[in-house]
Amino acid sequence: MMERMGGKMKNNMPAFIAAALAVLFCMGFICVMSVKVGGQEGYSGMPLTFSFGGKAKLRNTIEIPLQRADKLKLEYGSKNIKVYPGGDDVITVKEYLYSKKGLAEVVYGSDGEVVIRGGRSRNFILFGFWAGEGERIEVYVPERSLAEFSIETKSGNITSETDCTREDGTFSAQAGSGNIRLCGAGAKEFLLEAGSGNIRAEALSGENISINAGSGNVHAEEITGSLTMETGSGNIDGKELRGGVNADSGSGNIKIDGLTGSVKAEVGSGNVTVKAKEVSGGVSLSAGSGNVRLEMPEETEFHFIGDTRSGNISTDFDDALSYDKKGKSARGDVGQNPDIEIWAETGSGSINIVYR
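1. Observations concerning the overall build of the chain
From N to C terminus, the chain includes one helix and 28 strands. Scored against the burial criterion, the 356 residues of the chain give a buried share of 45%. The long-range fraction of contacts in the chain, counting pairs at least 24 apart against all pairs at least 6 apart in sequence, stands at 44%. When the accessible area of the chain is evaluated, it comes to approximately 17300 Å², of which 48% is carbon and sulfur surface.

As structure tokens, this is what we get:
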């Protein structure tokens, strides 16, 4: 019997080897394959590149005289984009790619708008891995030079640590499934949007600053101006915010430390915590199923409204308040000239208002 089994295994050996090779090929193809897709038109018409390993190299350099570019727009499908300070009155774009397939095209508009549109390509990696940072775009822009600067990538990260727009200009960044980091810039308007990534904004000043993370976290630090922060299912963390703040999270926590100005913060199923250095406008704090806590200077004068359905209300100025019979609703004026309103509400949590 053993001899018959041995003979049968010998007879099937080529089939076993072929099957094993096929499995290894499929595993290597699927597990190590990297697909880079750019644009919105799907796969049709895209150049296709296969590689057995390597790293992205400088494949293309675009130089645009600043006198021809008042507005700059970058559109890439799946690249990481980094912005650096430039010089010599020229905008330089460097494309680090796996191959020369899908180089960007440059379109000049009559109104000073320049659009750089990344080529649409697919890259498959077989039995190897990419080394280094991967495909990326480096952009060098003279400081405070652009009236409008727009960056868009479908599945890459966006990073800028330079002041490339004018004070009356607009900076916008949109990442479909990547992260955004913006630091050290001033403009009239900032628009930051990430579909499923995190957004980090630091040292920004502007009239209107809008941050929207679909399902990621938002971190804002040292921000001056009217600030709006939204996320569907992430946390919002703010530090040293000066101006009017509007924060909204569907199912995350909101924490603001070092507020100077006014604030409206609302969460569906998280906690709200605000530590204010100075309250110079209205305060509205709401949590559907979490706790609300506000810390503020003792010299603040205000009209207070607090409501909770299944929690407690605790303040450092209880003597100035009138409570209902159940202790779930409180009203009162604090100070001689209460010219601002502080409103706190929670569905199934507690309210705690204290002095710093």
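2. A closer look at the pairing of strand β14 (residues 165–175)
Pairing of strand β12 (residues 146–153) with β14 involves seven bridges; the strand directions are parallel. Bridge pairing in β14 links Thr 153 to Ala 175. In this structure, β14 lies alongside strand β16 (residues 189–194), joined through six bridges in parallel fashion. Looking at β16, one finds that Ala 175 is bridged to Ala 194.

3. Observations concerning the packing of aromatic side chains
Across all of its chains, the model carries six aromatic pairs by this definition. Both rings, one in Tyr 84 and one in Tyr 140, keep their centres 5.2 Å apart while their planes meet at 20 degrees; by these two values the pair is stacked. Of this pair, Tyr 84 sits in strand β5 (residues 80–86) while Tyr 140 is found in strand β11 (residues 136–142), placing the two residues 56 residues apart along the sequence. Relative accessible area serves as the criterion here: at 29%, Tyr 84 is assigned to the partly exposed category. Where Phe 149 meets Phe 171, the ring centres are 5.6 Å apart and the plane angle is 85 degrees; that geometry is what we call edge-to-face. Of this pair, Phe 149 sits in strand β12 while Phe 171 sits in strand β14, placing them 22 residues apart in sequence.

4. What to know about the nonpolar core
By size, the foremost hydrophobic cluster in this structure holds 77 residues, and its most contacted members are Ile 116, Phe 149, Ile 211, Met 229 and Met 296. Ranked by residue count, the leading element in this core is strand β21 (residues 272–287), at seven residues. Not counting chain neighbours up to four residues away, the residues in contact with Met 229 comprise Ile 211, Val 218, Ala 220, Ile 236, Leu 241, Val 245, Asn 246, Ala 247 and Asp 248.

5. Side note on the environment of Gly 252
Assignment of secondary structure puts Gly 252 in the loop between β19 (236–249) and β20 (254–267). Note: C-alpha distance between Gly 252 and Ile 236 (16 residues apart in sequence) is 7.3 Å. Setting aside residues up to four positions removed in sequence, Gly 252 forms contacts with Gly 234, Asn 235, Val 267, Gly 270 and Asn 271.

6. Some points on the pairing of β21
Two strands pair when backbone bridges link them, and β20 and β21 are joined in this way by 12 bridges, in the parallel orientation. Among the inter-strand pairings, Ile 254 is bridged to a residue of β21, identified as Val 272. Two elements, β21 and strand β22 (residues 292–296), share four bridges in a ladder whose sense is parallel. Bridge pairing links Val 274 to Leu 294 in β22. Here β21 runs beside strand β27 (residues 341–346); their pairing, made up of five bridges, is parallel. If you follow Leu 285 over to β27, its bridge partner there is Ala 344.

7. Details of the pattern of salt bridges
This structure, assessed with the given rule, holds 17 salt bridges. Between Arg 144 and Asp 163 there is a salt bridge, with its nearest N and O atoms 2.9 Å apart. Here the residue Arg 144 occupies a position in the loop between β11 and β12, and Asp 163 occupies one in the loop between β13 (158–160) and β14, the gap between them amounting to 19 residues. Given a relative accessible area of 41%, Arg 144 falls into the partly exposed group. We note a salt bridge from Glu 161 to Arg 181, for which the minimum N-O separation is 2.4 Å. Placement of Glu 161 in the loop between β13 and β14 and of Arg 181 in strand β15 (residues 180–186) is noted, with a sequence separation of 20 residues between them.

8. Observations concerning unusual backbone geometry
Within the chain, Ala 203 stands out as a residue other than glycine whose phi angle is a positive 55 degrees. Relative to the elements of secondary structure, Ala 203 occurs in strand β17 (residues 199–213). A residue is classified by how much of its surface remains accessible, and Ala 203, at 32% relative accessible area, is partly exposed.

9. Topic: the side chain of Asn 60
If you trace the backbone, Asn 60 turns up in strand β3 (residues 57–65). Here Glu 95 takes part through its side chain, which lies 2.8 Å from a polar atom of the side chain of Asn 60. Once residues within four sequence positions are removed from consideration, Asn 60 is found in contact with Val 93, Lys 94, Glu 95, Leu 103 and Ala 104.

10. Considering the confidence of the model for the chain
Residue-level pLDDT values for the chain average 87, and 81% of them are 70 or greater. Here residues 29–53 scores under 50 on pLDDT; set against residues more than four positions off or in separate chains, the count is 66 contacts. Across residues 123–132, confidence stays below pLDDT 50; counting only partners more than four residues off in sequence or on other chains, it has 43 contacts.

Definitions and cut-offs
Sequence order as written defines the numbering, with residues in each chain counted from 1. Two thresholds apply to this predicted model, a pLDDT of at least 70 for residue-level local features and 80 or more for giving and counting side-chain atom pairs, whereas whole-chain, interface and lining totals are computed over all residues. The basis for the side-chain values is all heavy atoms of the structure; hydrogens and waters are excluded. Strands are runs of DSSP state E lasting at least two residues, helices are runs of H or I lasting at least four, and both sets are numbered from the N terminus onward. Accessibility here uses a 1.4 Å probe with only protein chains present; expressed as a share of the type maximum, an area under 20% marks a residue as buried, one over 50% as exposed, and anything in between as partly exposed. Any pair of residues with heavy atoms lying within 4.5 Å of one another is described as a contacting pair. Accessible surface is estimated by sampling points in the Shrake-Rupley manner with a 1.4 Å probe; for residues, cover comes only from the protein chains shown. Strands are treated as partners if at least two bridges between them are detected by DSSP. In summary, the pairing rule links any two rings of Phe, Tyr or Trp, Trp by its six-membered ring, whose centres are within 6.5 Å, and it sorts them by plane angle into stacked for under 30 degrees, edge-to-face for over 60 and tilted for everything else. Think of a nonpolar core as a cluster: buried Ala, Val, Leu, Ile, Met, Phe, Trp, Tyr and Cys residues, connected wherever their side-chain atoms sit within 4.5 Å. What counts as a salt bridge is simple: a side-chain nitrogen of Lys or Arg found within 4 Å of a carboxyl oxygen of Asp or Glu. Polar contact is defined as a pair of N or O atoms within 3.5 Å, subject to the rule that within protein one atom must be able to donate a hydrogen and the other to accept it, and that residues adjacent in sequence are counted only when both atoms are side-chain atoms. Each residue carries a pLDDT score, the predictor's confidence in it, ranging from 0 to 100.

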